[in-house]
Structures are given as structure tokens and as C-alpha cells.
Amino acid sequence: MERTYLMIKPDGVQRGLIGEIISRFEAKGFTLVAGKFTQLTRELAETHYGEHKERPFFGELVDFITSGPVFAMVWEGENVIKSSRTLIGVTNPIEAAPGTIRGDYGVHVGMNIIHGSDSEESAKREIDLFFTSNELVTYEKTLKQWI
Ligand code: ABT
Ligand code: MG
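Please read these numbers as outputs of a predicted model, since none were measured by experiment.

Details of the UniProt feature "modified residue: Phosphothreonine" (unreviewed entry) in the protein
Per the UniProt record, "modified residue: Phosphothreonine" (unreviewed entry) is found at Thr91. By secondary structure assignment, the location of Thr91 is in the loop between α5 (80-88) and α6 (101-105). In this view, Thr91 contacts Arg102, Val109 and Asn112; residues no more than four positions away in its chain are not counted.

Some remarks on the packing of aromatic side chains
For the coordinates displayed, the defined rule picks out 4 aromatic pairs. With 5.7 Å between their ring centres and 40 degrees between their planes, Phe25 and Trp75 make a pair best called tilted. In this pair, Phe25 sits in helix α2 (residues 18-28) while Trp75 sits in strand β3 (residues 70-76), placing the two residues 50 residues apart along the sequence. The two residues Phe25 and Trp75 agree in class, both being buried. Between Phe37 and Phe71, the aromatic rings sit 6.3 Å apart at their centres with planes inclined by 45 degrees, giving tilted as the arrangement. Here the residue Phe37 occupies a position in strand β2 (residues 31-38), and Phe71 occupies one in strand β3, the gap between them amounting to 34 residues. One residue, Lys36, lies across the ring of Phe131, its end atom 4.7 Å from the ring centre.

Remarks on the pairing of strand β1 (residues 3-8)
A large share of β1 lies buried, amounting to 5 of its 6 residues. Pairing between β1 and β3: 6 bridges, direction antiparallel. Each bridged residue has a counterpart across the sheet, and for Leu6 the counterpart in β3 is Met73. Direction of pairing for β1 relative to strand β4 (residues 114-116): antiparallel, over a ladder of 3 bridges. Paired with Leu6 across the strands is Gly116, a residue of β4.

Some details on the nonpolar core
Grouped together as the largest cluster of nonpolar side chains are 19 residues, with contacts concentrated most on Tyr5, Met7, Leu40, Ile65, Val74 and Phe131. Among the elements of the structure, β1, β2, α4 (58-65), β3 and α7 (120-130) are those that each provide at least two residues to this core. Of all the elements, α4 adds the most residues to this core, at 5 residues. Residues contacting Leu40, with those up to four places away along its chain left out, are Met7, Ala45, Ile65, Thr66, Val70 and Phe130. Counting residues in hydrophobic clusters, the runner-up holds 18 residues, among them Leu6, Val13, Phe71 and Ile81.

Digging into the pattern of salt bridges
Enumeration over the complete set of coordinates arrives at 6 salt bridges. Residue Arg24 is joined to Glu20 by a salt bridge in which the shortest nitrogen-to-oxygen separation is 2.8 Å. Of this pair, Arg24 and Glu20 both sit in helix α2, 4 residues apart, roughly one helical turn. Among the ionic pairs, Arg24 bridges to Asp104, the shortest N-O distance being 2.9 Å. Taken together, the residues Arg24 in helix α2 and Asp104 in helix α6 connect sequence positions 80 residues apart. Judged by its relative accessible area of 22%, Arg24 falls in the partly exposed class.

Overview of the pairing of β3
The two faces of the sheet receive side chains in turn, since in a regular strand these alternate between them. For β3, a buried count of 7 out of 7 residues is recorded, marking the element as mostly surrounded by other parts of the structure. Of the two faces of β3, the one holding Val70, Ala72, Val74 and Glu76 and the one holding Phe71, Met73 and Trp75 are both buried throughout. The pairing of β2 with β3 spans 7 bridges and is antiparallel. Counted as the bridge partner of Gly35 is Met73 from β3.

Cut-offs and rules
- Residues numbered from 1 in each chain as written.
- Chains lettered and ligands numbered in written order.
- Predicted model: local features only at pLDDT ≥ 70, side-chain atom pairs only at ≥ 80, totals over all residues.
- Heavy atoms only, no water.
- UniProt positions renumbered as here; feature names shortened; annotations may be inferred.
- Helix = DSSP H or I, 4+ residues; strand = E, 2+ residues; numbered from the N terminus.
- Contact = heavy atoms within 4.5 Å.
- Phe/Tyr/Trp six-rings, centres within 6.5 Å; stacked < 30°, edge-to-face > 60°.
- Buried < 20%, exposed > 50% of the residue type's maximum accessible area, 1.4 Å probe, protein only.
- Lys NZ or Arg CZ within 6 Å of the ring centre and 35° of its normal.
- Pairing = 2+ DSSP bridges.
- Core = buried A, V, L, I, M, F, W, Y, C linked by side-chain atoms within 4.5 Å.
- Salt bridge = Lys/Arg side-chain N within 4 Å of Asp/Glu carboxyl O.

Okay, structure coming up:
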């Protein structure tokens, strides 16, 4: 079963959106397999966002993502990587469709509420970066047959 890494960013935590965001993924039919409330070190943030190292916004991005606690999660389900990106909305919240998390709650591209892995490779890399294998809980949901 496919897994993805989602992370409620410091703005989402400060705005009190943890519960609302978790509810959306639960209601969609995905399964939470790991969760951690933590604050990123600069080193971890620079590794996580390594692909943007040469971009002009990299410094601000690392400042922002390390500025307060985040809620890191692993979710499981059919096509959960792509579907999560759809539920989250496009990178710039001003362009994100209403009904998406960024479309409903965000304004600024540098503070866009939540991160979601963008490919199978990123998901694997990011899950390994934030969680040890024994923090991932595997279990059966009895409701699964209805989704
Ligand atoms: P993430 O889920 O955070 O990776 O965002 P997403 O994949 O939608 O978009 P990318 B391109 O990966 O952006 C990473 C972070 O960089 C911020 N950003 C991006 C800017 O601040 N300015 C820009 O011009 C661009 C393209 C948005 C993302 N995070 N935040 N916070
Ligand atoms: Mg990205």
C-alpha cells in the first residue's frame, strides 16, 4: 500500500489547523500510520528541502520551517501521494482552488500550511528522514472494505 509524508508547517500549527487537516485526510479514507510533533533543526530542514538549495527563497524557507513546531505524519492509502497533493492544492495558496487546504486557509506562498511528498521517491526519502521504521504503525481498518 502506498505511503506519503505530510507535514503541517509552523503556520498551520500556529493557526490551530492540526485537527482540521487530520480530519480531511481521515474523512477522505486514508489511514494515519505515524505522527510526531517536533521542531526541525536547520540541518534537517536543509536536507528535507535540499532540492531548493540554489533557489533565492531557500534561506527564508529554512528560517520559516524551523521557526516553530510542525506536525509530521505518514499516511497510507491507494494513490495517497497524488491524492494528498490534490487535497492540499497548488504551491501558491492564492492560486489554490477553494476546497483545497491551501485554497481554504493560505495566502502567502512562503507560508502554505502543509507539505506533501511530490513523488514515490520523495515520499520514501522523506519518511526515512523523519521516522524510524518502528514508529510506523501497521494495522487494519475494519472500514477499509467501504472505501
Ligand atoms: P512543499 O510541499 O512545501 O514542498 O511545497 P510544494 O511542493 O507545493 O512546492 P515547492 B516548489 O516544493 O516549494 C517548496 C517551498 O518553497 C516555498 N516557495 C516556493 C517559495 O517560498 N517561493 C517560491 O517561489 C516557490 C516556488 C513554498 C514551499 N514551502 N513553504 N513554506
Ligand atoms: Mg515540494
